[in-house]
Amino acid sequence: MTQLTRRIGGAELEVIVADITTLGVDAIVNAANSSLLGGGGVDGAIHDAAGPELLAECRTLGGCPTGDAKITKGYRLPARHVIHAVGPVWHGGSRGEADSLRSCYRRALELSQANRLNSLAFSAISTGVYRFPADQAAKIAVHTTIEALPAAPLVTHVIFCCFSETSAALHTDVLARYGSPCA
Ligand code: APR
């Protein structure tokens, strides 16, 4: 269910509440860990829905450092690809967590442009098990994405796929205010 849609530059940005494994976009962005070998949360849901071929491909990638992302096929998912982003674990904010989270969004857009993808759906990286404060994470997600879009002109549709009304409200508030004096 769409909470808000805004056109900024050449892209449409949308906040929804949904199970990201159901979205038929070019790529969904997974909140993975550095092993890329699956886990719980959205990582578990994506691997469950994609089937065993996803893990088999992930095994060939040699892991992924925090703040970076790697792309695979989507296999049994409706999405063509999965971008596995490794977000930071929250340790109070003094260990570069915000920069690492920004880097996840930037890298996902870089990979989308490089792979000529047009539509992308983000899960709320690091806001579950990794305990990143959801309000700060939503602001990083929206602002970083908008600031990175000019370098990814092929990306014309970005969805912030939230898994709760609370998470969606936080993303909607940031997206609605972006560009206004009280942003
Ligand atoms: N669709 C969309 N969003 C989802 C789904 C889903 N099916 N399932 C969970 N989420 C949301 C959570 O509500 C949260 O807002 O994804 C966000 C990220 O939470 P986690 O999945 O816990 O990811 P994260 O906090 O980044 O922790 C990553 O958890 O699952 C393990 O292997 C993963 O070790 C890694 C760690």
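Residues numbered from 1 in each chain as written. Predicted model: local features only at pLDDT ≥ 70, side-chain atom pairs only at ≥ 80, totals over all residues. Heavy atoms only, no water.

- In the annotation of an unreviewed UniProt entry, the protein chain is listed under the name O-acetyl-ADP-ribose deacetylase (Regulator of RNase III) and assigned to Bradyrhizobium japonicum.

1. Let's talk about the site of the ligand
Line of reasoning, step 1. Looking at the ligand, there are 19 residues lining it, with Gly40, Val42, Asp43, Ser126 and Gly128 nearest.
Line of reasoning, step 2. In the model, an oxygen atom of the ligand is placed 2.9 Å from a nitrogen or oxygen of the asparagine 33 side chain.
Line of reasoning, step 3. Measuring from an oxygen atom of the ligand, one finds a backbone N or O atom of tyrosine 130 at 3.0 Å.
Line of reasoning, step 4. In the complex, the protein chains occlude 88% of the 700 Å² of accessible area that the ligand would expose alone. (Near = heavy atom within 4 Å. Polar contact = N/O pair within 3.5 Å; in protein donor to acceptor, adjacent residues only side chain to side chain. Areas by Shrake-Rupley, 256 points an atom, 1.4 Å probe, with all protein chains shown as cover.)

2. Focus: the pairing of strand S5 (residues 81–86)
Regular strands place side chains that alternate from one sheet face to the opposite one.
Line of reasoning, step 1. Buried residues dominate S5, accounting for six of its six residues.
Line of reasoning, step 2. Side chains His81, Ile83 and Ala85 project from S5 onto one buried face, and the interleaved Val82, His84 and Val86 project onto a second face that is buried too.
Line of reasoning, step 3. Of the pairings in the sheet, the one linking strand S3 (residues 27–32) to S5 comprises six bridges and is parallel in character. Its bridge partner lying in S5, alanine 31 is registered against alanine 85. (Buried < 20%, exposed > 50% of the residue type's maximum accessible area, 1.4 Å probe, protein only. Helix = DSSP H or I, 4+ residues; strand = E, 2+ residues; numbered from the N terminus. Pairing = 2+ DSSP bridges.)

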